[in-house]
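# Remarks on the overall topology
Chain by chain, the residues run as shown.
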Protein chains: 2
Amino acid sequence: MAAGIDDVARAAGVSTATVSRALRDLPNVSAKTRERVRAVATELGYVASPSAASLASGRTRAIGLISPWVNRWFFANIIDGAERALRARGYDVLLYTFDIQRSGERPRIDPDVLRRRVDGILVVGLPLARDELEALQGLGYPLVCIGWGGSEEATVRLDDRVIGLEAVRYLIRLGHRVIGHVTGTPDDVHPWSPPADRATGWREAMTEAGLEPDAGLMESGGFEVSGGRASVKALLARHPDLTAVFAASDEMAMGAILGLRDLGLRVPEDVSVMGVDGHELGELVGLTTMSQPVDEQGWAAAELVLDMINGKTPPRRVVFPARLVERTSTAAPRGVAS
Amino acid sequence: MAAGIDDVARAAGVSTATVSRALRDLPNVSAKTRERVRAVATELGYVASPSAASLASGRTRAIGLISPWVNRWFFANIIDGAERALRARGYDVLLYTFDIQRSGERPRIDPDVLRRRVDGILVVGLPLARDELEALQGLGYPLVCIGWGGSEEATVRLDDRVIGLEAVRYLIRLGHRVIGHVTGTPDDVHPWSPPADRATGWREAMTEAGLEPDAGLMESGGFEVSGGRASVKALLARHPDLTAVFAASDEMAMGAILGLRDLGLRVPEDVSVMGVDGHELGELVGLTTMSQPVDEQGWAAAELVLDMINGKTPPRRVVFPARLVERTSTAAPRGVAS
DNA sequence: CTGTTAGCGCTTTCAA
DNA sequence: TTGAAAGCGCTAACAG
């Protein structure tokens, strides 16, 4: 039933080596031989054993995709995009999830689970600790970071500083002066992580407008909806004069909207809210956002690892643009004509 | 650098066979030998080559997870749950995505990409065509369906008929008489698919209350937000007297709410809307829903395949309950005291 | 252009 | 309880 390579070789009247070459489109096979081998292989339903091929060649034709979650917007979309791109190029995708604990401590990702199992690694969206990253790189496989990464790593990401800058400039143009920032917990924030960079953009925009980005205007909580909800309340407790909130993700922004509702405040009449992402459900609450191209990032990262695997030297850093999508969760503050 | 099994054997002063047995916790290894082998292996950083192990044993310790999408609520959560469960048991997860085309025709999923690559298969959420499923089963691996599946297949799912029944009974209790149903496209709907069963529940609830579930009250569009949005408009064009909509998913329900807003209608004053899922963002619009335990389903399915792989005969069918979560998108129709 | 042959690094009988 | 040895099913030199 399960035809092996020598069944094909015998039936086609050639050697196993020729079958192997023919089926993998290697050179040095005559057109007619290749044709015959292909025909026989199809007829016999022959599919090469990946384990045997890996063992013999040292290549697995699989990519490890490491992500803290799969059920959150950014991660789900990146995984979706990368998986399709990789499969289109004939690569398997091994999915590795790990938990971020609320406590700040999370199980470290164990490099051994990837050892000899993949040809390359994609790390999605969450800054690994320096030593975790190094352990991973120590495996010796090409590695690409998606949505984060310093100058040392091959990276596909946004220009997060500019995103923060443009978002907050927009709020300032609307007339806001006291603009809060809601973002994720500090322990996950490296100097070159998206949250840190977006916060930098927020600070720069405030400063260039002569406003004070004081620490009390920033709140770091959970990255999810519930985090945004709690953070906005903490912010308002400290700064009742707040008229606008820039959240570092749409999920947190939507949480902020829920939190404002809890407090009996209206959006945007009392407080304007905007986020970053382009979440499809943002429209439910008219969420203004900095929309990012997420499928493309997954795709680009896939191309990047594959190029690295194939010995090319692709750009070490691909940066995608975000664009402002203006909806109804932002408006001029009361008493200011826009 | 990369220690092999005979490096360990040599260093421990035993044969490779013993190393293999010791490290895999097989019987017939003395406690002290096992201990020594373990110590040496750790010291040398030895990790067995999965390809070699698979080739020799015929088992891959990998499960293929087939899903139409990863970026939609149900699928993302199932994948997340199943991946964690499988990894906890030492299995790898190979992710396979395929596209549902709007046209109704989608690329068939090719069983050959899974051949000799996995020990078991999980098919998430979308009814495969009969012959696709058979082709997959023809590979000879244990296969479990999650969120769908007939009586022939091992299945983890909800009682979708009861969900539809209870949802619509609830709307009827509120006083609604003209209740529409928004669901997915008919070409993906098998007799035993969740959409079909939920529709059956809707029909039964209507009938038992002496109401007419006429075909014009049901609209099948896309499964996503945009589908719900379009469907509700079609529904209202045919039935301006509609006062409530039961959508087969929260995403379609949220789309329906957007569609109603487009028409200038208020929820729930003009039309009540409810869904199925328990989507975390449902709260944004106060969505009433039939909430389902989604992580648990992923976990249960993982346990199921693994049991099947290990020759046990687990229950062929695990059914999880959903529960009504009442929020503000549903209310008594105008003129009816609740 | 094609065939021969030696592994790849384990697991698994079979003996001891 | 342990070891020897024969593969698992391919790929990759190397010859021809």
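Heads up: the structure comes first, above all this text.
Quick look at the structure, then. Since we're looking at a predicted model, the values are computed, not measured. (Residues numbered from 1 in each chain as written. Chains lettered and ligands numbered in written order. Predicted model: local features only at pLDDT ≥ 70, side-chain atom pairs only at ≥ 80, totals over all residues. Heavy atoms only, no water.)

Right, let's talk about the overall build of chain A for a bit. Within chain A one finds eleven helices and twelve strands. Taken along the three principal axes of its C-alpha coordinates, chain A extends 85 × 35 × 35 Å. Out of the 338 residues belonging to chain A, those deemed buried represent 58%. A separation of at least 24 residues holds for 70% of the contacts in chain A among residues at least 6 apart in sequence. Of the roughly 13600 Å² of accessible surface on chain A, 52% is carried by carbon and sulfur atoms. (Helix = DSSP H or I, 4+ residues; strand = E, 2+ residues; numbered from the N terminus. Buried < 20%, exposed > 50% of the residue type's maximum accessible area, 1.4 Å probe, protein only. Contact = heavy atoms within 4.5 Å. Areas by Shrake-Rupley, 256 points an atom, 1.4 Å probe, with all protein chains shown as cover.)

Time to look at the protein's contact with DNA strand C. Near DNA strand C lie 26 residues; those nearest to it are R21 and T33 of chain A together with I5, S20 and R59 of chain B. Sugar and phosphate atoms constitute 68% of the interface atoms of DNA strand C, taking the interface as everything within 4 Å of the protein. Between DNA strand C and T18 of chain A there is a distance of 2.8 Å, counted from a phosphate oxygen to a side-chain nitrogen or oxygen. Of the residues forming the surface near DNA strand C, the biggest block, four residues, is contributed by helix 4 (residues 50-57) of chain B. Here the residues of the surface near DNA strand C are counted per class, giving twelve nonpolar, ten polar and four charged. (Near = heavy atom within 4 Å. Polar contact = N/O pair within 3.5 Å; in protein donor to acceptor, adjacent residues only side chain to side chain. Nonpolar A, V, L, I, M, F, W, Y, C, P; charged D, E, K, R; others polar.)

Moving on, we come to the relation of the copies chain A and chain B. Between chain A and chain B, the superposition needs a rotation of 180° and an axial shift of 0.1 Å, giving an RMSD of 0.1 Å. Considering both components of the superposition, the chain copies are consistent with a two-fold axis. When the interface residues of chain A are mapped onto chain B, 100% of them again fall at the interface, so both copies present the same face. (Least-squares fit on C-alpha atoms with pLDDT ≥ 70 in both.)

Below, the discussion takes up the sheet that holds strand 12 (residues 323-325) of chain B. All names here are of chain B. The six strands are arranged 7-6-8-9-10-12 in an open sheet whose pairing can be described as mixed. Only two strands of the sheet have a single neighbouring strand rather than two, namely strand 7 (218-221) and strand 12. Each adjacent strand pair in this sheet contributes to an overall mean axis angle of 20°, direction not counted. In this fold helix 9 (residues 225-238) packs onto strand 6 (179-184), strand 7 and strand 8 (244-247), with an angle of close to 150° to the strand it touches most, strand 7. (Pairing = 2+ DSSP bridges. Axes fitted to C-alpha atoms, helices over the stretch in contact; angles between N-to-C directions.)

On to the pattern of salt bridges, then. If you walk through the whole model with that rule in mind, you get 50 salt bridges over all chains. R72 of chain B is the salt-bridge partner of E251 of chain B, the closest N and O atoms lying 3.7 Å from each other. Of this pair, E251 of chain B sits in helix 10 (residues 250-262) while R72 of chain B sits in the loop between strand 1 (62-67) and helix 5 (73-88), placing them 179 residues apart in sequence. One salt bridge in this structure joins D80 of chain B and R84 of chain B, with 2.6 Å as the shortest N-O distance. In this pair, D80 of chain B and R84 of chain B are both assigned in helix 5, four residues apart and thus about one turn of the helix distant. Members of the salt-bridge network, linked through shared partners, are D25, R34, E35 and R38 of chain A. (Salt bridge = Lys/Arg side-chain N within 4 Å of Asp/Glu carboxyl O.)

It is worth spelling out the protein's contact with DNA strand D at this point. Around DNA strand D lies a shell of 27 residues, among which S20 and R59 of chain A together with T18, S30 and T33 of chain B are the nearest. Here DNA strand D approaches the protein such that, of its atoms within 4 Å, sugar and phosphate make up 69%. At 2.7 Å from a phosphate oxygen of DNA strand D is found a side-chain nitrogen or oxygen belonging to R59 of chain A. One of the side-chain N or O atoms of N28 of chain B is found 2.9 Å from a phosphate oxygen in DNA strand D. Examining the composition of the surface near DNA strand D, we find that four residues originate from one element, helix 4 (residues 50-57) of chain A, more than from any other. Broken down by class, the residue content of the surface near DNA strand D amounts to twelve nonpolar, ten polar and five charged.

A separate point is the packing of helix 9 (residues 225-238) of chain A against helix 10 (residues 250-262) of chain A. Residue and element names in this part refer to chain A. Look at helix 9 against helix 10: their axes get within 6 Å of each other, and the N-to-C directions meet at 50°. Taken together, the axes of helix 9 and helix 10 are oblique relative to one another. Once helix 9 is placed against helix 10, the crossing between them reads as right-handed. For the pair formed by helix 9 and helix 10, the contact residues are V225, G228, R229, V232, K233 and L236 on the first element and E251, M252, G255, A256, L258, G259, L260 and D262 on the second. Classifying every residue of the contact of helix 9 with helix 10 by side-chain character gives seven nonpolar, three polar and four charged. (Parallel < 35°, antiparallel > 145°, perpendicular 65-115°, else oblique. Left-handed = near helix turned anticlockwise from the far one by under 90°.)

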